[in-house]
Amino acid sequence: WRQTTRRSFVSGQSETPARPLRTGVIMDPISGINIRKDSTFAMMLEPQRRGHELLYMEPSDLWVDGSEARASWRPVTVEDNPERWYELGEREERPLADLDVLLMRRDPPFDMDYIYLTYALELAEIAGTLVVNRPQSLRDANEKFYITQFPQCCTPFAIARQAKRLMAFAEQHGKCVVKPLDGMGGESIFQLNPGDPNVKVILEAITKNDTELVMVQSYIPEITEGDKRILVIDGEPVPYALARLPGKGDFRGNLAKGGRGEGVALSGRDRWICDQVAPVLRSKGILFAGLDVIGDWLTEINVTSPTGVRELDAAYDLNIAGRLFDAIDRRLAEDENA
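In what follows, the accompanying structure is described. Keep in mind it's a predicted model, so treat the numbers as computed, not measured. (Residues numbered from 1 in each chain as written. Predicted model: local features only at pLDDT ≥ 70, side-chain atom pairs only at ≥ 80, totals over all residues. Heavy atoms only, no water.)

1. As for the nonpolar core
Applicable threshold: In these notes, a set of buried Ala, Val, Leu, Ile, Met, Phe, Trp, Tyr and Cys residues joined through side-chain atoms within 4.5 Å is what counts as a nonpolar core. Buried means the residue's accessible area, taken with a 1.4 Å probe over protein chains only, is under 20% of the maximum for its type, while exposed means over 50%, and partly exposed covers the values in between. In DSSP terms, a helix is any run of H or I states spanning at least four residues, a strand is any run of E spanning at least two, and both are numbered starting from the N terminus. By definition, residues are in contact when any of their heavy atoms lie within 4.5 Å.
In this structure, Met-57, Leu-96, Leu-291, Leu-298 and Ile-301 are the most contacted members of the largest nonpolar core, which totals 43 residues. The set of elements that each furnish at least two residues to this core consists of strand E2 (53-57), strand E4 (68-78), strand E7 (101-105), helix H2 (112-126), strand E13 (227-233), helix H6 (268-283), strand E17 (288-294) and strand E18 (297-302). Other than its neighbours up to four places away in sequence, Leu-96 contacts Met-57, Leu-62, Ala-69, Arg-70, Ala-71, Trp-73, Leu-102, Leu-121, Ala-124 and Thr-129. Of all hydrophobic cores here, the second largest spans 36 residues; its members include Val-101, Val-132, Leu-287 and Val-309.

Structure below.
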């Protein structure tokens with residue numbers, strides 16, 4: 001009895017309307033977002049356009065009562081207006097299982113609090129709610145560590161906590177970058193240049209004196225052409241990527257660190273990487289992911305709260321959130337027919 005919606009990828013217009021769904025969104029405070037760049041906001045506009053009931057909650061609004069995950073949520077109305085982009089209704093306490101769909105869009109850090117949230121979301125999933133992305137896969141597919149499953153797509157890298165191992169890698173491969181496993185937005189990413197007297201200090205700081213694992217990757221010179229964010233929806237890539245170009249005096253392409261975004265068509269190598277990675281993500285219930293590619297190399301797989309939707313929609317007249325909700329409709333229909 002639930003009808004699957006089909007939409008044009010460019011226009012986002014429905015051919016067959018689906019029934020309204022009760023859609024929840026877990027996110028950081030909506031009052032602090034920049035709607036021109038916030039992908040979660042795009043994911044809220046789309047279900048509202050489809051006539052879904054839209055419910056807003058922050059991570060602190062969730063708790064578990066026995067074996068039941070519950071939340072104190074508020075109905076929300078969103079508007080694509082930078083002066084007034086949301087309005088919240090009265091708070092109510094309900095089981096998460098009352099939702100048809102729940103979008104988990106809390107930003108990293110991927111810490112123990114985040115992991116505990118996925119345990120609560122798993123209870124909702126068991127009770128019948130479609131959680132995007134699947135809670136177990138959020139835990140399994142660490143955004144830095146998970147590239148170890150696709151070494152054929154990656155430049156040389158290593159993961160270690162001992163400064164001597166990281167320094168040995170840099171001596172073998174030359175200029176490198178080193179970064180924590182739980183960060184986002186370019187935080188605490190450093191260059192390692194063999195012979196630089198600061199290398200030892202950098203490694204002491206980032207590993208907290210050999211006590212925390214970090215990732216080191218050989219430097220990819222093509223970063224000057226952009227760190228490409230490729231969005232993958234239910235195993236299929238969006239045909240354009242957002243190339244994030246480093247700001248003046250920086251080697252990081254992250255928009256949060258002053259980089260600028262520029263849309264580019266996917267290259268043949270980009271599509272090959274997607275062919276390697278995307279089917280695996282789909283099989284793990286990861287309906288929305290962001291692959292980071294520099295030059296010819298996969299550097300990260302983002303599954304918690306990938307961004308880039310608003311910029312690509314604006315550049316190419318797309319409706320990426322529409323495509324995501326088409327995939328959600330298909331998954332719900334598959335579950336009902338199983």
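And the narrative resumes.
2. Concerning the pattern of salt bridges
Put simply, the rule reads: Salt bridge, as applied in this entry: a Lys or Arg side-chain nitrogen positioned within 4 Å of an Asp or Glu carboxyl oxygen.
Taken as a whole and assessed by the stated rule, the structure comprises 28 salt bridges. Salt-bridge contacts for Lys-179 lead to Glu-300; the nearest nitrogen and oxygen are separated by 3.0 Å. With a gap of 121 residues between them, Lys-179 in strand E10 (residues 176-180) and Glu-300 in strand E18 connect regions that are remote in the sequence.

3. Some remarks on the packing of aromatic side chains
Defined as follows: Centres within 6.5 Å make a pair out of two Phe, Tyr or Trp rings, where for Trp the six-membered ring is used; the pair is then stacked when the planes are under 30 degrees apart, edge-to-face when over 60, and tilted otherwise.
If you walk through the whole model with that rule in mind, you get 5 aromatic pairs. When the centroid spacing of 5.0 Å and the interplanar angle of 45 degrees are considered together, the rings of Phe-110 and Tyr-114 count as tilted. Just as Phe-110 is buried, Tyr-114 falls in that class too. Look at Tyr-240 and Tyr-316: their rings are 3.7 Å apart centre to centre, the planes differ by 10 degrees, and that puts the pair in the stacked class.

4. Quick look at the pairing of E18
Our working definition: Strand pairing is assigned whenever DSSP identifies at least 2 bridges connecting the two strands.
Within E18, 5 of the 6 residues are buried, leaving the element largely enclosed by the surrounding structure. Sheet topology note: the E17/E18 ladder contains 5 bridges and is antiparallel. Among the inter-strand pairings, Ile-294 is bridged to a residue of E18, identified as Trp-297. Between the end of E17 and the start of E18, which pair antiparallel, lie 2 residues, with Gly-295 showing a positive phi angle near 60 degrees.

5. Comments concerning the environment of Phe-325
Counting through the fold element by element, Phe-325 comes out in helix H8 (residues 320-337). Separated by 92 residues in sequence, Phe-325 and Ile-233 have C-alpha atoms that sit 9.6 Å apart. Look past the residues within four positions of Phe-325 in its chain and what remains in contact with it is Thr-23, Met-43, Glu-46, Pro-47, Arg-50, His-52 and Leu-103.

6. Thoughts on the sheet that holds strand E12 (residues 214-218)
To keep things clear, this is the line we draw: Here an angle of 0 to 180 degrees is reported between the N-to-C directions of two axes, which are lines fitted to C-alpha atoms, with helices fitted over the stretch in contact.
Strand order in this open sheet of 4 strands is E9-E12-E10-E11, and the pairing throughout is antiparallel. The open sheet has two edge strands with one neighbour each: strand E9 (157-160) and strand E11 (190-192). The average angle at which neighbouring strand axes cross in this sheet is 25 degrees, direction not considered. Summarising the sheet, E10 and E12 pair through 5 bridges and their orientation is antiparallel. In the sheet register, Val-178 faces E12, and the bridge partner there is Val-216. Across the sheet, helix H5 (residues 199-206) touches E10, E11 and E12, and the angle it forms with E11 is around 135 degrees.

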